[in-house]
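# Descriptive analysis of the structure
In case you want the letters, here they are:
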Amino acid sequence: MRQSWESEAQNWVKFARTPGHDHSHDQTNMPALLDLLPAPGHATLDVACGEGRLTRQLQSLGHRITGIDASPTMVQFAASHASAAPTVLADATGLPFRSGAFDLAVAYMCLHDIDDMPHAVAEIARVLGRSGRLCAAIPHPINTAGSFQRPDAGAPFVISASYLQTAPLRMLTDRGGIRLTFHSEHRPLESYTRALEASGLLIEAIREVKPPDHLADCDPAARRWQRIPLFLHLRAIKP
């Protein structure tokens, strides 16, 4: 998946930086994440920061933030922004920071894109200090296990294969002249909780994120995602 995202980097930048294009991020996912985050501390890590949109958002909120990404093209774009925070080319499974360097790590929509996710979670735990927190967002595992059979609000949601087995995911989006292929992997919730458990991180909060009512009122198709959660957010602490 690492190389696949490098090959999609130019497309991702168009997707992420076109105003209003990623409405799920703007109106559903990011507001829910910000509600889950603790106040800025002495150092925040943005894991798999991509072109840096979350890095810039958290920087504007007072976080002293460093971003890392394994894609050279993503890092170049992140570093080229006028208000860029420090951004490092690095793999999440081998973070180039001392143990205990951060009091907050944010893994926003990336753990499902990392081949060795448990190793990445262990590295995040290592660079967190005592009482440091990891805030993570992923597509909800129910979401990635199945699909709606129709676009209307009452469409049935069907899991035709297995929720419990991991499986590669390839999702093509082609909207407004921007074509992007998402490369990730479906994993059941237990895969993530086992990784946290093995790394000594304790879950403080879990959120099953759905579109807000005002968005569903404007887009009837979004109403179906108020029955099946779009995203899963969690906050875990290093005791």
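Just above sits the structure.
Because the structure is predicted, anything quoted here is derived from the model rather than measured.

## Considerations on the overall build of the protein chain
Tallying secondary structure elements over the protein chain gives nine helices and eleven strands in all. Over its C-alpha atoms, taken along the principal directions, the protein chain stretches across nearly 50 × 40 × 35 Å. The contacts in the protein chain between residues at least 6 apart in sequence include a share of 69% that link residues at least 24 apart. Surface summary for the protein chain: the accessible area is close to 11200 Å², and the carbon and sulfur share equals 52%. Charge centroids of the protein chain, computed over 23 positive and 24 negative side chains, lie 3 Å from each other.

## Here's the deal with the packing of helix 2 (residues 9-17) against helix 5 (residues 72-80)
Where helix 2 meets helix 5, the closest approach of the two axes is 9 Å, and the angle between their N-to-C directions is 40°. By the angle between their axes, helix 2 is oblique relative to helix 5. In this structure, helix 2 meets helix 5 at a crossing whose hand is right-handed. Contacts between helix 2 and helix 5 involve Ala9, Gln10, Trp12, Val13 and Arg17 on the former and, on the latter, Thr73, Met74, Phe77 and Ala78.

## With respect to helix 2
Turning to helix 2, its buried residues are Ala9, Trp12, Val13, Phe15 and Ala16. Within helix 2, the buried residues cover an arc of 165° as seen down the axis, which keeps them to one side. The inward-facing, buried residues of helix 2 abut helix 1 (2-7), helix 4 (53-60), helix 5, strand 8 (167-175) and strand 9 (178-186).

## Observations regarding the packing of aromatic side chains
Applying the stated rule across the entire model yields eight aromatic pairs. Arranged with centres 6.0 Å apart and planes meeting at 90°, the rings of Trp5 and Trp12 form a pair that is edge-to-face. Between the aromatic rings of Phe15 and Phe182, the centroid separation amounts to 5.7 Å while the plane-to-plane angle is 85°, which identifies the pairing as edge-to-face. Separated by 167 residues along the polypeptide, Phe15 in helix 2 and Phe182 in strand 9 bring together distant segments of the chain. Members of the aromatic cluster, each reached through a chain of ring pairs, are Trp5, Trp12, Phe15 and Phe182.

## As for the sheet that holds strand 5 (residues 128-139)
One key point about sheets: their strands pair by backbone hydrogen bonds, in either a parallel or an antiparallel sense. Spatially, seven strands are ordered 3-2-1-4-5-11-10 in an open sheet, and the strand pairing comes out mixed. The open sheet terminates on both sides in strands that have one partner only, identified here as strand 3 (87-89) and strand 10 (202-209). Adjacent strand axes in the sheet meet at a mean angle of 15° when their direction is disregarded. Examined bridge by bridge, strand 1 (residues 44-47) and strand 2 (residues 65-69) share four bridges and lie parallel to one another. Each bridged residue has a counterpart across the sheet, and for Asp46 the counterpart in strand 2 is Gly67. Along the sheet, helix 5 makes contact with strand 2 and strand 3, crossing strand 3 at roughly 165°.

Conventions and cut-offs
- Residues numbered from 1 in each chain as written.
- Predicted model: local features only at pLDDT ≥ 70, side-chain atom pairs only at ≥ 80, totals over all residues.
- Heavy atoms only, no water.
- Helix = DSSP H or I, 4+ residues; strand = E, 2+ residues; numbered from the N terminus.
- Contact = heavy atoms within 4.5 Å.
- Areas by Shrake-Rupley, 256 points an atom, 1.4 Å probe, with all protein chains shown as cover.
- Lys, Arg positive; Asp, Glu negative; His and termini not counted.
- Charge placed at Lys NZ, Arg CZ, Asp CG, Glu CD.
- Axes fitted to C-alpha atoms, helices over the stretch in contact; angles between N-to-C directions.
- Parallel < 35°, antiparallel > 145°, perpendicular 65-115°, else oblique.
- Left-handed = near helix turned anticlockwise from the far one by under 90°.
- Buried < 20%, exposed > 50% of the residue type's maximum accessible area, 1.4 Å probe, protein only.
- Arc of directions from axis to C-beta.
- Phe/Tyr/Trp six-rings, centres within 6.5 Å; stacked < 30°, edge-to-face > 60°.
- Pairing = 2+ DSSP bridges.

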